[in-house]
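# Geometric and topological summary
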Amino acid sequence: MGEKQRKLLVLYASQTGNALDAAERIGREAERRGCPASIASTDEFDPSSLPHEESVVFVVSTTGQGDSPDSFKEFWRFLLQRNLGNSWLQRLRFAVFGLGDSGYQKYNFVAKKLDKRLLDLGATTIVEKGLGDDQHPSGYEATLDPWMLSLWSMLYKINPKYFPKGPDVMIPHDELTDQPKYRILYHKQETLESELMAESDMIERARGMSPGKLSKDKTKPDCFLKMTKNEVLTKAGSTKDVRHFEFQFVSSSIKYEVGDVVELLPSQDSSAIDAFIKRCHLDPESFITVCPRETENNGSCGEVITHVPIKLKTFVELTMDVTSASPRRYFFEVMSFYTTDEREKERLQYFASAEGRDDLYNYNQKERKSVLEVLVDFPSVQMPFEWLVQLVPSLKPRAFSISSSPLAHPAQVHLTVSVVSWTRYKRTLKGLCSTWLASLTPEQEINIPVWFGKGSLPAPPQSLPLILVGPGTGCAPFRGFIAERAVQAETSPIAPVMFFFGCRNKDTDFLYRDFWESHAREGGMLSEVKGGGFYTAFSRDQPKKVYVQHKIREMRKKVWDLLCDGAALYVAGSSTKMPCDVMSALEEIVMEETGGSKEMASRWLKALEKAGRYNVEAWS
């Protein structure tokens, strides 16, 4: 008897869904070449069984400042066990593909550390790790496409049984029509319970049925907030629209700390939702439940069988991002099966191919086409709702740093939000959540579903000296820090705080100017008499641009002295260049004060980070 067909295992760790998309693509491409593949999340796989696997492909994303997805944390803790020897995985061959953003300092950190750890445990690489970059014009797929070709080639060299007909022989696209992973059950309206569903229950049920859910505890909101204030912070003449929002808790309150983040679920434009439903020939009033197709044989829909069916329009509104997110490449491939127009079919198949990747990027991501716009551009396509539910990007909550203190602002939550708007190819594009928030008024009394969580800025004890760097809206969490220290100072001593703030123009972009300047005066939290200081960099107010890193260098002696007194560094703001520039300025100060090398200064700051005294929260 011949040796049996080899099977490929693809394990993924995803926070927002990108790594899942990439893993599914690897699985599909393997199967097109005749190699069966199974795909699983790292939190669904028993890591103790890794030594029994022959070949595993890992697809892992890196979030924020080198953080791993929630679904990876337990898996990683297992791999770090000291009792696992350097030959524990000697039979395993593996490949790692990472998804990251080179705008961040710890670019693809999770993929790099996983690759190293697997090697330390005795495993052998199939191909060099692939590192996908969000900053690339074509996104992570620019690296994934050639990386997969190398993967197939090397697997075939290791054992031709992976691809019986060779790694380059593929099943034609029109012969492999996958089934959607989910099915829709329609319910008669008269059989439904008549009582109104609570708003939080409706959100939990809709999002609990959504294929886009990546964490079970993210379906039901922690609570609801109601807006009490919507104030424009920037002045006339500014190129930005930055708002100060205040909210109060509806019914129950949630305890939070300074430095925490809150995630808001935005509402989509109702006319766009109606247009999507009309374009797809759906009945907005029908009641549905959504369940994984794999449970069909069991005669149930798993957990959702006990759920009250939900109105189709409500499901779309709460779970499917039809107005702001661009669809993935696979969306175009599936569309090609459901078009009746030959020219449309040809164009869609081209977009779905490796050759058409760059043209698809120019059409789709570069122009930031929404799902609705893409469907309008291909009028003959009639995709079944099951496919739309699976492939339309999920509506994700948007995270913001909290700019209030529960001590100074009891029962309130404050946010500092830049309203996102830009022009691309003569089209004005707007950020979904920030534009929606800016449109709200307290009089509307809209209940906003929210989730609270820890960010990258741990709440500091009042005895800890602080060096804060927060240009632009990066100042948001530090407004909470200073407000909290002001309350604490009324009853006990507090440690000094230095704060470096930056913006374009003093007259138009100086966010919370009165607040900072009042605390910089004698006796305030940022006053020099209390050992702190407030330092501003207005980049466009003079011929030579001045940024926060320049002000840090100017105050090098004071910065160094405070660090020697045990101060913690907190940096918040745009991820593009600022965190790296601040790090470089600090390295220079360490080199100058110690007489050491750049490498030594870098190690010194890394030790600070390891000790929890160098914290960065950056966003793109």
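Residues numbered from 1 in each chain as written. Predicted model: local features only at pLDDT ≥ 70, side-chain atom pairs only at ≥ 80, totals over all residues. Heavy atoms only, no water.

## Things to note about the packing of aromatic side chains
Applied cut-off: For this analysis, a ring pair means two rings from Phe, Tyr or Trp (six-membered ring only for Trp) whose centres lie within 6.5 Å, classed as stacked if their planes differ by under 30 degrees, edge-to-face if by over 60, and tilted for the remaining angles. Throughout this description, the term charge over a ring refers to an Arg CZ or Lys NZ atom that lies within 6 Å of the ring centre and within 35 degrees of the ring normal.
Tallied over the entire structure, the rule returns 29 aromatic pairs. Measuring from centroid to centroid gives 6.3 Å for Y350 and F351, while their planes differ by 35°, and the two rings are tilted. Aromatic ring contacts, followed pair by pair, group F478, F481, F499, F501, F510, F515, W516, F534, F538 and Y570 into a single cluster. Here R347 stacks its cationic end above the ring of Y363, 5.1 Å away from the centre of that ring. Residue placement shows R479 over the ring face of F515; its charged tip is 5.7 Å from the ring centre.

## What about the pattern of salt bridges?
A pair can form between side chains of opposite charge whenever their charged atoms are brought close. What counts is decided by this rule: Just to be clear on terms, a salt bridge is a Lys or Arg side-chain nitrogen sitting within 4 Å of an Asp or Glu carboxyl oxygen. Secondary structure elements are taken from DSSP: a helix is a run of H or I of four residues or more, a strand is a run of E of two residues or more, and numbering for both begins at the N terminus. Type-normalised accessible area, obtained with a 1.4 Å probe on protein chains alone, sets the label of each residue: buried when under 20%, exposed when over 50%, and partly exposed for intermediate values.
This model, assessed by the stated rule, comprises 32 salt bridges. As a salt-bridge pair, R25 and D145 come within 2.9 Å of each other at their nearest N and O atoms. A residue pair is termed long-range when its members are at least 10 positions apart, and R25 in helix α1 (residues 18-32) and D145 in helix α4 (residues 141-158) qualify at 120 residues. In terms of burial, R25 and D145 fall into one category: buried. For E373, the salt bridge is made with R427, and the minimal N-O distance between the two is 2.7 Å. Here E373 is found in helix α11 (residues 371-377), whereas its partner R427 is found in strand β16 (residues 427-430), with 54 residues between them in sequence. Ionic contacts of the salt-bridge type, sharing partners, join the residues R25, E141, D145, R329, R357 and D358 into one network.

## Description of the pairing of strand β1 (residues 8-13)
Under the convention used in this document: Here a strand pair is declared whenever DSSP counts at least two bridges between the two strands. Looking down the strands as they point away from you, a crossover is right-handed if its path from the first strand over the helix to the second goes clockwise.
For β1, the tally of buried residues reaches six of six residues, placing the bulk of the element in the interior. A two-sided burial pattern is seen for β1, the buried positions comprising L8, V10 and Y12 on one face and L9, L11 and A13 on the other. Relative to strand β2 (residues 37-41), β1 runs parallel, the two being bridged by five bridges. Residue pairing across strands places L11 opposite A40, the latter belonging to β2. Once you follow β1 into α1 and on to β2, the crossover reads as right-handed. Where β1 meets strand β3 (residues 55-61), five bridges bridge the pair, whose relative direction is parallel. Across the sheet, residue L11 finds its bridge partner in β3, namely F58.

## Here's the deal with the sheet that holds strand β19 (residues 497-503)
Rule in force here: All axes here are fitted lines through C-alpha atoms, helices being fitted over the stretch that makes contact, and every angle between N-to-C directions spans 0 to 180 degrees. Any pair of residues with heavy atoms lying within 4.5 Å of one another is described as a contacting pair.
Spatially, β20-β19-β18-β21-β22 is the arrangement adopted by the five strands of the open sheet, whose pairing is parallel. The open sheet has two free edges, formed respectively by β20 (533-538) and β22 (614-619), since each of these has just one partner strand. The mean inter-strand angle of the sheet, taken between neighbouring strand axes irrespective of direction, is 10°. Here six bridges tie strand β21 (residues 568-574) to β22, and the two strands are oriented parallel to one another. Paired with A572 across the strands is E617, a residue of β22. Strands in contact with helix α19 (residues 578-594) are β18 (466-469), β21 and β22; relative to β21, the strand with the most contacts, it is inclined by about 150°.

## Some thoughts on the environment of A30
Looking at where A30 falls in the secondary structure, it is placed in helix α1. Sequence spacing of A30 and M170 is 140 residues, and the spatial spacing of their C-alpha atoms is 9.0 Å. If sequence neighbours within four positions are ignored, A30 has contacts with L8, C35, A37, W152 and F163.

## Considerations on the packing of helix α8 (residues 329-337) against helix α9 (residues 342-352)
The condition that has to hold: An angle below 35 degrees is treated as roughly parallel, one above 145 as roughly antiparallel, one from 65 to 115 as roughly perpendicular, and anything else as oblique. Note on convention: near helix rotated counterclockwise from far helix by under a right angle means a left-handed crossing. Clockwise means right-handed. Amino acids outside the nonpolar list (Ala, Val, Leu, Ile, Met, Phe, Trp, Tyr, Cys, Pro) and the charged list (Asp, Glu, Lys, Arg) are all regarded as polar, and Gly is one of them.
The interhelical angle for the contact between α8 and α9, taken along N-to-C directions, is 150°, at an axis separation of 8 Å. With respect to their mutual orientation, α8 and α9 come out roughly antiparallel. The interaxial crossing formed by α8 with α9 has left-handed handedness. Contacts from R329, F332, E333, M335, S336 and F337 of α8 reach α9 at K345, L348, Q349, F351 and A352. Of the residues belonging to the contact of α8 with α9, the class tally is six nonpolar, two polar and three charged.

## A look at unusual backbone geometry
For R368, which is not glycine, the phi torsion reads 55° and is therefore positive. With a phi angle near 50°, E445 is a residue other than glycine that sits in the positive phi range. Locating E445 in the fold gives a position in the loop between α13 (432-439) and β17 (447-453).

## Some remarks on the UniProt feature "binding site: NADP(+)" (unreviewed entry) in the protein chain
Here is the rule: UniProt positions are given in the numbering used here, feature names are shortened, and annotations may be inferred rather than shown by experiment.
The positions UniProt marks with the feature "binding site: NADP(+)" (unreviewed entry) are T473, S539, R540, K545, V546, Y547, V548, Q549 and D581. Counting through the fold element by element, T473 comes out in the loop between β18 and α14 (476-488). Overall, T473 belongs to the buried group, its relative accessible area being 17%. With residues up to four places along the chain from it excluded, the contact list for T473 reads V242, T416, S418, L511 and W619. Structurally, the position occupied by Q549 is in helix α17 (residues 548-554). If near-sequence neighbours (up to four positions away) are discounted, Q549 is found in contact with D581, V582 and A585.

## Looking at the layout of surface pockets
The following threshold applies: Think of a 1 Å grid over the protein atoms and nothing else: a 1.4 Å probe that fits but is trapped marks a cavity, an open set flanked by protein within 12 Å on at least five of seven lines marks a pocket, and residues with an atom within 4 Å of a point count as lining. Grid points are joined across faces, edges and corners, and a volume is the space filled by probe spheres set on the points.
By volume, the second largest pocket amounts to about 640 Å³. Lining the second largest pocket are 17 residues, with Q65, K106, E609, K610 and Y614 positioned closest to its centre. Residue assignment for the lining of the second largest pocket shows that the elements contributing at least two residues are α19, α20 (598-610) and β22. It is α20 that provides the largest number of residues to the lining of the second largest pocket, a total of five residues. In terms of residue class, the lining of the second largest pocket is built from five nonpolar, six polar and six charged.

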